[in-house]
Amino acid sequence: MLAERLNLTAKEILEKEFKAGVRGYKQEDVDKFLDLIIKDYETMHQLMDELQQENMRLKKQVEEQSRRQPVQPAGTTNFDILKRLSNLERHVFGSKLDD
């Protein structure tokens, strides 16, 4: 995902060689290379902002869902609840359930 949006890899930056001109490197080559690096940094910062916003949104979503879900006592499962309910019905209604 991130690699698709970037122009350069760390290896390409490390291994970049500029042609030497009369007074050193060709300024045009250096400027073009730096422009690519700047675009990559802008892309990374934009992506980081997007991911941070998504992360905050997901954290809020998890927080809201955890508040909504009823908390069952430890060791209580749906089967245990149904079993208790069945026993309670038998106690209250007695033999009427069997009829």
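Look up a bit, the structure's there.
Parameters and conventions
Each chain carries its own residue numbering, running from 1 in the written order of its sequence. It should be noted that, the model being predicted, local features are given only for residues of pLDDT at least 70 and side-chain atom pairs only at 80 or more, the latter also being counted only at that level, while totals for whole chains, interfaces and linings use all residues. By convention in this description, side-chain values take in all heavy atoms of the structure and omit both hydrogens and water. Counting from the N terminus, the helices are DSSP H or I runs at least four residues long and the strands are E runs at least two residues long. For every residue, the accessible area (1.4 Å probe, protein chains only) is compared with the maximum for its type, and the residue is labelled buried under 20%, exposed over 50%, or partly exposed between those bounds. A contact between two residues is defined here by any heavy atoms of the two lying within 4.5 Å. For salt bridges, the criterion is a side-chain nitrogen of Lys or Arg within 4 Å of an Asp or Glu carboxyl oxygen.

Our next topic: the overall build of the protein chain. Along the backbone of the protein chain there are four helices and two strands. Traced from its N-terminal end to its C-terminal end, the protein chain shows the element sequence α-α-β-β-α-α. Here the protein chain holds 99 residues, and 7% of them are scored as buried. A separation threshold of at least 6 residues defines the contact pool for the protein chain, and within that pool the share at least 24 residues apart is 55%.

Next up on the list: the pattern of salt bridges. Summed over the entire model, instances satisfying the criterion amount to three salt bridges. Across the pair Lys-32 and Glu-28 runs a salt bridge whose closest N-O atoms are separated by 3.7 Å. Of this pair, Lys-32 and Glu-28 both sit in helix H3 (residues 27–68), four residues apart, which is roughly one turn of that helix. Across the salt bridge formed by Glu-63 and Arg-67, the nearest N and O atoms sit 3.0 Å from each other. With Glu-63 and Arg-67 both in helix H3, this residue pair falls four residues apart, about one helical turn. Relative accessible area serves as the criterion here: at 46%, Glu-63 is assigned to the partly exposed category.

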